[in-house]
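Structure at a glance
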Amino acid sequence: MIPMDTSSSKQMSLKQLGDVMFPLGFITYGGPLAHINVLRERFKNYTTEDEFQELFALCQTLPGPTSTQMVIAVGANLTHSCLGGLVAFLYFSMPSAFVMMILGLTVPNLQIPWIQLLINGFKYASIGVIIEAAYKLSNGAIKNKFHLFLWIVSAIVTTFFPTPSIAVLMIVIGAISNYVSDRQIGQQLLIPQEEQVQHLFDSWLLGYRSLVGYGISFVLFFFLSYIDWMPIAVCSNLFKTGSLVIGGGHVVLPMIQFSLSNYLTTEQFWNAFALVSCMPGPMFNIAIYLGALIGGIPMAILAEIFMFLPGFFTIFGILPYWKKYRGLRTIRAVLQGIAAVAVGFILSAIVHLIINSCSQAFVVPIGIGILSCLCLYKGIPIPFVIIGGGFINLLTEYK
């Protein structure tokens, strides 16, 4: 195992990590923002709030799925090894990935009318889940009036201009402006030097190899994606898509659909999205369904690997440097600015989810959304809230 640096987090064994991670592959419904909230609750006794917020900010700036990279980063951070990150990923992703592969092999032309009603109900119930995530994450990210200002501006701008380029621009503005606003910027360490672990050479070597490997792979697969041979074209396009998506989530969908349009119909793609929306775990698991649909089990496994590979490269490449320099006030100011902006994105997501949910109806979506908020406030687990929302919508809308 290649060791990672640590500072304030508690060290865990792989067995302890597995015990904490095991339920996540079955209960993480509601999309990336809800995943972050569940992850925060599961690991609140093992990592500090500041460290979790900084990791959240860091993963928001990297190519790949944010929630999955958070899982990998927390696993690697707490076990001080990249193997811990891999174990955490497998617990988080594999349960729904296995189900999606089976569905891709058995029901490629799925057409069941009531499934869309269930999915719409899941979506309506997710309103409450994301509101809860916004409340809890904002408590940790907003530490002063300037952070509150960044949070509000980020939410307003991304609500009216919901594009990946604007999101990246807001992240850059948040980082720079909070850096400038911090009147005490200096190179002093906020974390005592004696608390740093002494495996710096190995960690730096890991980061260097990961970043070089990512750069070479990106250039290679960029050119290979133009080769008209199915296995190479599919794997290369999925790697390229995973490399170009910042933050993951729904923005990845049109990119996947466009890149695989030669091998899938529009109906097949949106059936895949309908199914992955019902599942716990990352939305990027749509890749294993599409791979199974295109080329059976071998293609399903390759599609899953190449979809997630950029996220592994980037988080393992950046994490050692973050662990070394996160104690500097300069770095802390930059990450706190990004965190405030990133939480603003959650408010924007809530607005767009409500607008999308109410595009054809109003009473049922808002009713389910309010009910999900009340259920979460009373401590009802997220999976029961999401599934309950689906069945309520099915019972009220099915004709």
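Here, the structure is the one placed above.
Residues numbered from 1 in each chain as written. Predicted model: local features only at pLDDT ≥ 70, side-chain atom pairs only at ≥ 80, totals over all residues. Heavy atoms only, no water.

**Focus on the packing of aromatic side chains**
Just so we agree on the cut-off: To pair, rings of Phe, Tyr and Trp, with the six-membered ring standing in for Trp, must have centres within 6.5 Å; the planes then decide the type, stacked if under 30 degrees apart, edge-to-face if over 60, and tilted in the middle. Helix numbering and strand numbering both begin at the N terminus, where a helix is a DSSP run of H or I of at least 4 residues and a strand a DSSP run of E of at least 2. Classification of residues uses two cut-offs on accessible area relative to the type maximum, computed with a 1.4 Å probe and protein chains only: under 20% is buried, over 50% is exposed, and between them is partly exposed.
With the rule as written, the count across this model stands at 16 aromatic pairs. With 6.3 Å between their ring centres and 50° between their planes, Tyr-214 and Phe-313 make a pair best called tilted. One end of the pair, Tyr-214, is in helix α10 (residues 200-224); the other, Phe-313, is in helix α14 (residues 286-325), with 99 residues separating them in the sequence. Ring plane angle 85° and centroid distance 5.3 Å describe the contact between Phe-221 and Phe-306, whose orientation is recorded as edge-to-face. Here the residue Phe-221 occupies a position in helix α10, and Phe-306 occupies one in helix α14, the gap between them amounting to 85 residues. Assessed through its relative accessible area of 13%, Phe-221 is described here as buried.

**Here we look at the packing of helix α5 (residues 66-79) against helix α6 (residues 82-106)**
Put simply, the rule reads: Axis geometry follows a simple rule: fit a line to the C-alpha atoms, using only the stretch in contact for helices, then measure angles between N-to-C directions, giving values from 0 to 180 degrees. Here roughly perpendicular refers to angles of 65 to 115 degrees, roughly parallel to angles under 35, roughly antiparallel to angles over 145, and oblique to all remaining angles. Less than a right angle of anticlockwise turn of the near helix away from the far helix marks a crossing as left-handed, whereas a clockwise turn marks it as right-handed. Any two residues having at least one pair of non-hydrogen atoms within 4.5 Å are treated as being in contact.
Remark: α5 packs on α6, axes separated minimally by 7 Å, with the N-to-C direction vectors making an angle of 135°. Accordingly, the angle class assigned to the pair α5 and α6 is oblique. The two elements α5 and α6 meet at a crossing, and its hand is right-handed. Taken together, the residues of α6 that come into contact with α5 (itself represented by Ser-67, Thr-68, Val-71, Ile-72, Gly-75, Ala-76 and Thr-79) are Cys-82, Gly-84, Gly-85, Ala-88, Phe-89 and Phe-92.

In short, shape yes, function no, at least from these values alone.
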